Amino acid sequence: MIKNPVQLRVEKLPQWQQRLFMVCLCERMYPNFVFYCQQQQNDDDAKSYKKILDLVWESLLVEDVKINFDLQLEKLEAIIPIVTEDSPYMIYPAIDACQALGEVLHSYLSGEMGEHTAKVSSISATTVAEFEMTKTNVNLSQDAQQTLPSVIDEFDLQWEILRLLRDENNEMIALIKGLKDEIRASRVSNIGVFLSD
């Protein structure tokens, strides 16, 4: 698991901010899942992922909203891709996107936050590192992965989200909506996949 001091800092935030941090990273991984689904000509799974993601955002924006997270986890588990011999590379970032969203759902079910937050942070960074290693066909140790420019960029972005969360001038709903809109508007994943529609 790729580690970074940002993970320890995020763990000290209030629960809703930790969830917001996680869902921001899942939103950035969402285009990877969509791209894989497009390769498989399977729009339904992409829509299912988006619905679960939307419900997590809703849970942050609407106080006391009733969401069955057990059911959402079942729905998510049903769309996790299974690797076969002829699977395209994008299946791996797609699985990572599902694992990250699964961590968010587990945080609602268990009430535990820190471990799940750290895992989502690591999953996103690992997706980036694996993508770089695949492109260059070089296998790197975990320590070496953390020095990759793209992984450093990923953690810089995570630090930026943390700084926004810690800014006490941010009003809660405005902060949540602002981050959601900004990430969705960029339409680019953590490995540079562009969401075209």
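Here's what I pulled together on the structure shown here.

Definitions and limits used
Residues numbered from 1 in each chain as written. Predicted model: local features only at pLDDT ≥ 70, side-chain atom pairs only at ≥ 80, totals over all residues. Heavy atoms only, no water. Helix = DSSP H or I, 4+ residues; strand = E, 2+ residues; numbered from the N terminus. Rg over C-alpha atoms; globule rule 2.2 N^0.38 Å. Buried < 20%, exposed > 50% of the residue type's maximum accessible area, 1.4 Å probe, protein only. Contact = heavy atoms within 4.5 Å. Areas by Shrake-Rupley, 256 points an atom, 1.4 Å probe, with all protein chains shown as cover. Axes fitted to C-alpha atoms, helices over the stretch in contact; angles between N-to-C directions. Left-handed = near helix turned anticlockwise from the far one by under 90°. Nonpolar A, V, L, I, M, F, W, Y, C, P; charged D, E, K, R; others polar. Parallel < 35°, antiparallel > 145°, perpendicular 65-115°, else oblique. Salt bridge = Lys/Arg side-chain N within 4 Å of Asp/Glu carboxyl O. Expected span 1.5 Å × (residues − 1). Disulfide = S-S within 2.5 Å.

### Brief notes about the overall build of the protein
Within the protein, the regular secondary structure consists of 9 helices and 0 strands. Mapped from its N terminus to its C terminus, the protein presents α and β elements in the order α-α-α-α-α-α-α-α-α. Its C-alpha atoms give the protein a radius of gyration of 16 Å, within 12% of the compact-globule value 16 Å for 197 residues. Counting only residues that meet the buried cut, the protein has 49% of its 197 residues in that class. Summarising the internal contacts of the protein: among those between residues at least 6 apart in sequence, 74% fall at separations of at least 24. For the protein, the exposed surface amounts to about 10,100 Å²; the carbon and sulfur share of it is 49%.

### A closer look at the packing of helix α3 (residues 43-61) against helix α5 (residues 91-110)
Packing of α3 against α5 brings their axes to within 11 Å, and their N-to-C directions diverge by 35°. Regarding α3 and α5, the two cross each other, and that crossing is left-handed. For the pair α3 and α5, the contacting residues are Tyr49, Ile52, Leu53, Val56, Ser59 and Leu60 in the first and Ala97, Cys98, Leu101, Val104, Leu105 and Tyr108 in the second. Residues belonging to the contact of α3 with α5 are distributed by class as follows: 11 nonpolar, 1 polar and no charged.

### A look at the packing of helix α2 (residues 15-39) against α3
Contact geometry for α2 and α3: axes closest at 10 Å, N-to-C directions at 165°. Considering their axes alone, α2 and α3 lie roughly antiparallel with respect to each other. Seen along the crossing, α2 lies across α3 with a hand that is left-handed. Listed contacts from α3 to Trp16, Arg19, Leu20, Val23, Cys24, Cys26, Glu27, Tyr30, Phe33, Val34 and Cys37 of α2 are Asp45, Ala46, Tyr49, Lys50, Leu53, Val56, Trp57 and Leu60. Each residue belonging to the contact of α2 with α3 can be placed in one class, and the counts come to 15 nonpolar, no polar and 4 charged.

### Section: the pattern of salt bridges
Considering all chains together, one arrives at 7 salt bridges under this definition. Of the charged contacts in the structure, one is a salt bridge between glutamate 27 and arginine 184, with a shortest N-O distance of 3.1 Å. Of this pair, glutamate 27 sits in helix α2 while arginine 184 is found in helix α9 (residues 172-186), placing the two residues 157 residues apart along the sequence. With a relative accessible area of 24%, arginine 184 lands in the partly exposed category. Across the pair aspartate 54 and lysine 50 runs a salt bridge whose closest N-O atoms are separated by 3.3 Å. Of the two residues, aspartate 54 and lysine 50 are both situated in helix α3; the distance of 4 residues between them amounts to about one turn of the helix. Take lysine 50: its relative accessible area is 25%, and that puts it in the partly exposed class. Overlapping salt bridges, with partners in common, bring together Glu27, Lys50, Asp54 and Arg184 in one network.

### Quick notes on helix α6 (residues 114-136)
Spacing of three or four residues puts side chains on the same side of an α-helix, whose turn is 3.6 residues. In this model, α6 (23 residues) spans 33 Å end to end at C-alpha, consistent with the 33 Å of a helix rising 1.5 Å per residue. With its phi angle positive at about 60°, asparagine 137 sits one or two positions after the end of α6.

### Quick look at the state of the cysteines
Under the definition given, this model contains 0 disulfides. We note that cysteine 26 lacks a disulfide partner, and the nearest cysteine sulfur, in cysteine 24, lies 9.4 Å from it. With no disulfide partner, cysteine 37 has as its closest neighbouring cysteine sulfur the one in cysteine 98, 7.8 Å distant.

### So, unusual backbone geometry
For residues besides glycine, phi is generally negative; the peptide bonds are generally trans as well. Despite not being glycine, asparagine 137 has its phi angle at roughly 60°, a positive value. Among the secondary structure elements, asparagine 137 is positioned in the loop between α6 and α7 (142-145). Relative accessible area serves as the criterion here: at 71%, asparagine 137 is assigned to the exposed category. A positive phi angle, near 60°, is found at arginine 187, a position not held by glycine. Structurally, arginine 187 can be placed in the segment after α9.

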